[in-house]
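Listed here are the chains, written in short residue letters.
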2 protein chains.
Amino acid sequence: MVIPDNHPRAKSLHERHKLIEGLHNNILTEAGLIAHGRGEAFDYLLHEQTHRFAEKAIKAAASQLILAKHPIISVNGNTAILIPEDMVRIANKHKIPLEINLFYRKEGRVEAIKNHLLTFGLDPNLLFGCDNSQYIEIQEISHLRRIVDRRGISIADVVVVPLEDGDRTQGLKKLNKKVITVDLNPLSRTSQTADITIVDNITRVFTLLEKELDLITRDEALEYLKKYDNQVILQESLRQIRQFNEKN
Amino acid sequence: MVIPDNHPRAKSLHERHKLIEGLHNNILTEAGLIAHGRGEAFDYLLHEQTHRFAEKAIKAAASQLILAKHPIISVNGNTAILIPEDMVRIANKHKIPLEINLFYRKEGRVEAIKNHLLTFGLDPNLLFGCDNSQYIEIQEISHLRRIVDRRGISIADVVVVPLEDGDRTQGLKKLNKKVITVDLNPLSRTSQTADITIVDNITRVFTLLEKELDLITRDEALEYLKKYDNQVILQESLRQIRQFNEKN
């Protein structure tokens with residue numbers, strides 16, 4: 001498939017193409033494609049822009065990560081396809097490990113995602129969730145998601161779970177972890193449950209997160225989190241959705 | 001996959017499951033799964049309900065179909081999976097033929113959709129778009145979509161094109177056909193171009209359309225269409241989306 005660069009939807013078409021390729025390479029699942037479509041629609045309602053409420057949440061996320069003892073970024077098929085470079089750069093630079101944690105554990109899928117991330121230069125010591133001997137079960141999370149890495153999510157105090165389902169987010173909260181999510185639907189259970197909800201397209205978030213991580217000091221982070229109110233952020237994002245195309 | 005009937009999202013999960021099965025049976029494409037996700041998100045914004053503006057558009061659609069000399073319903077992978085019973089019932093009862101018309105003409109796909117529709121009892125004389133000897137090209141439509149059936153879309157005066165892309169809708173308009181669409185995004189090119197835009201979930205539309213077709217007379221249809229204004233309908237649907245979850 002050849003997509004001309006001047007096509008008005010070129011970026012979106014490229015993303016779809018990469019995701020479909022990811023399905024054929026056992027990285028993505030079919031349900032991941034449907035979920036991506038939901039995200040596209042919400043992003044359309046946000047006029048495909050990063051809004052002020054998302055920037056504020058990204059700064060809070062960077063603050064939380066800077067202050068964390070054991071931060072971790074959870075990786076699924078969609079994020080592995082959409083933002084591998086971004087995740088790998090942040091992991092390597094800021095020593096924040098990535099953990100592969102999947103809803104659908106198809107044969108060979110973890111391995112496929114692992115190899116995919118390593119081709120982008122990830123430090124192998126910063127990749128968890130792909131060594132059977134390190135698996136441990138968390139009762140607070142249902143299904144196969146409860147299998148986590150004893151060096152990663154298991155001991156983490158701050159967990160970034162982008163594009164996540166509600167059950168898992170609630171499970172992580174029950175374990176008293178600080179949960180940061182990226183979710184384009186401000187009313188999803190994940191958005192409502194997380195401590196910090198970035199309502200924005202994941203493809204725009206991580207480069208901004210990286211900038212904040214580079215700049216923020218521990219003192220600034222503490223100060224910023226004192227004032228941060230996720231409920232206000234969620235309200236602002238809902239208001240934005242309701243203003244959708246208001247010139248009409 | 002077993003989905004408990006009391007699951008709050010059972011209907012939605014069943015639909016996803018059927019679509020994924022459709023992908024494996026060569027009826028759906030991967031892009032069709034992503035498109036379904038977009039629809040899910042817009043339906044969520046409509047609180048998954050048929051609103052008054054959709055009912056009005058459905059009545060207009062029934063009116064247009066009752067008055068048509070050569071009506072036709074265009075079928076793609078998603079509609080074949082989501083509403084085969086509904087389409088077959090309307091086709092058989094009201095002698096409105098179905099025409100298979102695909103964006104992605106993968107090997108064997110037309111045949112797979114044909115067989116799928118026939119298992120639901122479709123009168124084979126009412127199925128077009130699957131006999132090579134009847135194909136004809138329309139210059140107004142780009143790519144492979146321009147291949148239509150000389151007994152169907154080619155001579156049709158009223159075309160129902162649910163879940164359609166903008167190029168094709170515009171092409172059909174250039175050919176001076178009356179275009180009826182079902183599209184959950186009131187700002188899509190298809191929605192904006194069609195003569196009648198039903199902003200609703202396709203799985204709710206066709207049973208309502210059937211009721212209208214059963215009831216409406218030609219005189220009533222003529223009268224109704226005189227007053228019908230699709231721009232007003234589109235405005236009303238946009239307003240509804242903007243009221244999304246306004247209790248918050």
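Please refer to the structure higher up on the page.
Bear in mind that the values here come from a model prediction, so they are computed numbers and not experimental data. (Residues numbered from 1 in each chain as written. Chains lettered and ligands numbered in written order. Predicted model: local features only at pLDDT ≥ 70, side-chain atom pairs only at ≥ 80, totals over all residues. Heavy atoms only, no water.)

Visitor: Help me understand the overall build of chain A in this model?
Guide: When helices and strands are counted, chain A shows 11 helices and 8 strands. Relative to the globule expectation of 18 Å for 248 residues, the C-alpha radius of gyration of chain A, 17 Å, shows essentially globular dimensions. Residues counted as buried form 57% of the 248 residues belonging to chain A. Pairs at least 24 residues apart make up 66% of the contacts formed inside chain A by residues separated by at least 6 positions. When the accessible surface of chain A is totalled, it reaches about 10800 Å², and 50% of it is carbon and sulfur. Chain A carries 34 positive and 34 negative side-chain charges, and their two centres are separated by 3 Å. (Helix = DSSP H or I, 4+ residues; strand = E, 2+ residues; numbered from the N terminus. Rg over C-alpha atoms; globule rule 2.2 N^0.38 Å. Buried < 20%, exposed > 50% of the residue type's maximum accessible area, 1.4 Å probe, protein only. Contact = heavy atoms within 4.5 Å. Areas by Shrake-Rupley, 256 points an atom, 1.4 Å probe, with all protein chains shown as cover. Lys, Arg positive; Asp, Glu negative; His and termini not counted. Charge placed at Lys NZ, Arg CZ, Asp CG, Glu CD.)

Visitor: Quick question: what am I supposed to make of the packing of helix α2 (residues 30-45) of chain A against helix α2 (residues 30-45) of chain B here?
Guide: The axes of two packed helices give the description: the angle between them and the distance between them. The geometry of α2 of chain A relative to α2 of chain B is characterised by a closest axis approach of 6 Å and an angle of 50° between their N-to-C directions. If you check the angle between α2 of chain A and α2 of chain B, you find them oblique. Handedness of the crossing formed by α2 of chain A with α2 of chain B: right-handed. Counted together, E30, L33, I34, H36, G37, R38, E40, A41, F42, Y44 and L45 of chain A of α2 of chain A and E30, L33, I34, H36, G37, R38, E40, A41, F42, Y44 and L45 of chain B of α2 of chain B form the full contact between these two elements. (Axes fitted to C-alpha atoms, helices over the stretch in contact; angles between N-to-C directions. Parallel < 35°, antiparallel > 145°, perpendicular 65-115°, else oblique. Left-handed = near helix turned anticlockwise from the far one by under 90°.)

Visitor: Explain the relation of the copies chain A and chain B here, please?
Guide: Each of the two chain copies can be generated from the other by rotation about an axis followed by a shift along it. You can overlay chain A on chain B at an RMSD of 0.0 Å; the transform is a turn of 180° with a shift of 0.0 Å along its axis. The operation mapping one copy onto its partner corresponds to a two-fold rotation axis. Interface overlap between copies: 100% of the residues of chain A at the interface are likewise at the interface in chain B, consistent with a symmetric, same-surface contact. (Least-squares fit on C-alpha atoms with pLDDT ≥ 70 in both.)

Visitor: Looking at this model, I keep getting lost on the side chain of Q64 of chain A. Mind explaining?
Guide: Residues and elements named next belong to chain A. Here Q64 shows up in helix α3 (residues 52-67). Take Q64: its relative accessible area is 12%, and that puts it in the buried class. Discounting residues that sit within four places of it in the chain, Q64 has contacts with V158, K178, I180, I196 and L225.

Visitor: What exactly am I supposed to notice about the nonpolar core here?
Guide: Generally speaking, soluble globular proteins have nonpolar side chains that are buried together. Formed by 128 residues in total, the largest nonpolar core has its most connected members in I198 and F206 of chain A together with I198 and F206 of chain B. Apart from the residues within four sequence positions on either side, F206 of chain B is in contact with I73, I83, D86, M87, I90, V160, P162 and V182 of chain B. (Core = buried A, V, L, I, M, F, W, Y, C linked by side-chain atoms within 4.5 Å.)

Visitor: Before we go on, may I ask you to explain the packing of aromatic side chains in this structure?
Guide: The way to describe two aromatic rings as a pair is by their centre distance and the angle between their planes. Going through the model one piece at a time under the given rule, you end up with 6 aromatic pairs over all chains. Cluster of aromatic residues (ring-pair linked, three or more members): F42 of chain A together with Y44 and F244 of chain B. (Phe/Tyr/Trp six-rings, centres within 6.5 Å; stacked < 30°, edge-to-face > 60°.)

Visitor: Help me understand the sheet that holds strand β6 (residues 158-160) of chain B, please; the structure alone is not making it clear to me.
Guide: One key point about sheets: their strands pair by backbone hydrogen bonds, in either a parallel or an antiparallel sense. Pairing in this open sheet of 6 strands is parallel, and the strands run β3-β2-β1-β6-β7-β8 (chain B) from one edge to the other. Of all the strands in the sheet, just β3 (127-128) and β8 (196-198) of chain B have a single pairing partner and so form its edges. (Pairing = 2+ DSSP bridges.)

Visitor: Hey, could you run me through the sheet that holds strand β1 (residues 71-75) of chain A in this one?
Guide: Residue and element names in this part refer to chain A. Reading across from one edge, β3-β2-β1-β6-β7-β8 is the order of the 6 strands in this open sheet, with parallel pairing throughout. Sheet topology places β3 (127-128) and β8 (196-198) at the edges, where each strand pairs with a single neighbour. Note: strand β6 (residues 158-160) against strand β7 (residues 178-182), 3 bridges, orientation parallel. Residue V160 lies in a different strand from β7, and its bridge partner there is I180. Across the face of the sheet, α3 comes into contact with β1, β6, β7 and β8 while running at roughly 135° to β8.

Visitor: Just checking my understanding: could you explain the packing of helix α1 (residues 10-24) of chain A against α2 of chain B for this structure?
Guide: Between α1 of chain A and α2 of chain B, the shortest axis-to-axis distance is 10 Å and the interhelical angle comes to 120°. Our classification of the angle between α1 of chain A and α2 of chain B gives oblique. When you trace α1 of chain A past α2 of chain B, the crossing you get is right-handed. For the pair α1 of chain A and α2 of chain B, the contacting residues are R16, I20, L23 and H24 of chain A in the first and E30, A31, I34 and R38 of chain B in the second.

Visitor: I tried to follow unusual backbone geometry on my own but got confused; where do I start?
Guide: Generally, phi is negative for residues other than glycine and the peptide bonds are trans, each holding for most cases. Residue and element names in this part refer to chain A. Backbone geometry at K95 places phi at a positive 55°, although glycine is not the residue there. Looking at K95, the relative accessible area reads 53%, which means it is exposed. We note that N176 has phi near 65°; this positive angle belongs to a residue other than glycine. Relative to the helices and strands, N176 resides in the loop between α7 (166-174) and β7.

Visitor: What is the right way to look at the interface of chain A and chain B in this model?
Guide: Often the size quoted for an interface is simply the accessible area lost on bringing the parts together. Listed as interface residues are 28 residues of chain A and, on the opposing side, 28 residues of chain B. For the pairing of chain A and chain B, the buried interface totals around 2500 Å² over both sides, and the portion due to carbon and sulfur atoms is 67%. On the chain A side of the contact with chain B, E30, I34 and R242 of chain A bury the most area, a combined 26% of that side's loss. Counting the contacts that link chain A with chain B gives 2 salt bridges. (Buried area = accessible area lost by both parts, 1.4 Å probe. Salt bridge = Lys/Arg side-chain N within 4 Å of Asp/Glu carboxyl O.)

Visitor: I would appreciate a short explanation of the environment of D183 of chain B in the present structure.
Guide: Residues and elements named next belong to chain B. Structurally, the position occupied by D183 is in the loop between β7 (178-182) and α8 (189-193). The exposure class assigned to D183 is buried, which follows from its relative accessible area of 12%. Taking the C-alpha atoms as reference points, D183 and I27, 156 residues apart in sequence, are found 20 Å from one another. A polar side-chain atom of D183 sits 2.8 Å from a polar atom in the side chain of S188. (Polar contact = N/O pair within 3.5 Å; in protein donor to acceptor, adjacent residues only side chain to side chain.)

Visitor: Help me understand the pairing of strand β1 (residues 71-75) of chain B in this model?
Guide: Within a regular beta strand, the side chains point alternately toward one face of the sheet and then the other, so they alternate between its two faces. Residues and elements named next belong to chain B. Along β1, 5 of the 5 residues are buried, which leaves the element largely enclosed by surrounding structure. By the bridge criterion, 3 bridges tie β1 to β6 in an arrangement that is parallel. If you follow P71 over to β6, its bridge partner there is V158. The pairing of β1 with strand β2 (residues 98-100) spans 3 bridges and is classified as parallel. Within β2, the position partnered with I73 by the bridge is L98.

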